[in-house]
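Next come the chains, spelled out residue by residue.
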Amino acid sequence: MDGDKVMDLYERNQKQRIFFNEKIASYDQVHEIYMETKKSLTDYLDKNITKILDLGAGIGFELIHLFEIYPNASVTVIDISENMLKELSKRDFANRVTMICGDFFEKDFGNNYDAVISTSALHHFKPEEKLILYKKIFDCLKSGGLF
Ligand SMILES: C[S@@+](CC[C@H](N)C(=O)[O-])C[C@H]1O[C@@H](n2cnc3c(N)ncnc32)[C@H](O)[C@@H]1O
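None of these values were measured; they are calculated from a predicted model.

What counts, and where the lines are drawn
Residues numbered from 1 in each chain as written. Predicted model: local features only at pLDDT ≥ 70, side-chain atom pairs only at ≥ 80, totals over all residues. Helix = DSSP H or I, 4+ residues; strand = E, 2+ residues; numbered from the N terminus. Rg over C-alpha atoms; globule rule 2.2 N^0.38 Å. Buried ≥ 20, exposed ≤ 12 C-beta atoms within 10 Å, placed from the backbone. Contact = placed C-beta atoms within 7 Å. Expected span 1.5 Å × (residues − 1). Bend = angle between axes of the 7 residues up to and from the residue. Near = placed C-beta within 6 Å. Nonpolar A, V, L, I, M, F, W, Y, C, P; charged D, E, K, R; others polar. Pairing = 2+ DSSP bridges. Axes fitted to C-alpha atoms, helices over the stretch in contact; angles between N-to-C directions.

A. Looking closely at the overall build of the protein. Secondary structure assignment for the protein yields five helices and five strands. Each helix and strand of the protein, ordered N terminal to C terminal, gives the series α-α-β-α-β-α-β-β-α-β. Taken over the C-alpha trace, the protein has a radius of gyration of 15 Å; the compact-globule value for 147 residues is 15 Å, and the two agree within 12%. Each of the three principal axes of the protein carries a C-alpha extent, and together these read 45 × 40 × 25 Å. For the protein, the residues scored as buried account for 26% of the 147 residues in total. Put simply, of all contacts in the protein between residues at least 6 apart along the chain, 64% involve residues at least 24 apart.

B. Quick look at helix α1 (residues 3–31). Relative to the 42 Å expected for 29 residues at 1.5 Å per residue, α1 spans just 35 Å between its end C-alpha atoms, considerably shorter than the ideal helical length. Where α1 bends most, the angle comes to about 80 degrees, and this point is Ile24. Burial runs low along α1: only one of the 29 residues are buried.

C. Spatial organisation of the site of the ligand. Around the ligand, a shell composed of 20 residues is seen, among which Gly56, Gly58, Ile80, Ser81 and Thr119 lie nearest. Residue assignment for the shell around the ligand shows that the elements contributing at least two residues are α1, α3 (61–69) and β2 (74–79). If you tally residues by element for the shell around the ligand, the top one is α1, at four residues. In terms of residue class, the shell around the ligand is made up of eight nonpolar, eight polar and four charged.

D. Layout of the environment of Pro71. Within the fold, Pro71 resides in the loop between α3 and β2. Judged by C-beta crowding, with 9 C-beta atoms within 10 Å, Pro71 ranks as exposed. Along the backbone, Pro71 and Phe138 are 67 residues apart, and their C-alpha atoms lie at a distance of 25 Å.

E. A look at the sheet that holds β2. Spatially, β3-β2-β1-β4-β5 is the arrangement adopted by the five strands of the open sheet, whose pairing is parallel. Looking along the sheet, the strands with just one partner apiece sit at the ends: β3 (97–101) and β5 (141–146). Averaged over neighbouring strand pairs, the angle between their axes works out to 25 degrees when direction is ignored.

Honestly, it's all geometry; don't read function into it.
The following block contains the structure:
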């Protein structure tokens, strides 16, 4: 991507950070209505998975159900909003979660994941930005891993 596009993306990502940092008080109310969809994500995962990356987990709605089904899973989360992660760290499963605070486009995703999941966190990127993320996602998955 050229310099202007990178700056534009950086600024939009910082706006997302500020938006979600300020949104904490009302987040539950707005997003609880999508809970069934967030839950259904887990139904598509292979039952043997243990190592999962969640992009933009926020306060971790989708992880509530995931840890009910996979109590031994280890989940890495990347999220740009420090306030969302602060809420996530209050969850009773927080000790099974490695939290990385930062931008998807800047942070290393790690490797060898059985699955990468994401709910309500990638839809706002432009197609060419999604391609960058899809490549990072592909590269961090095990052979046969699932997104
Ligand atoms: C709508 S919330 C979704 C939270 C959760 N996955 C859910 O479904 O309830 C979107 C999350 O993506 C994070 N996010 C947005 N853009 C990001 C970026 N560029 N890098 C990292 N996290 C980002 C936000 O901070 C926010 O926590």
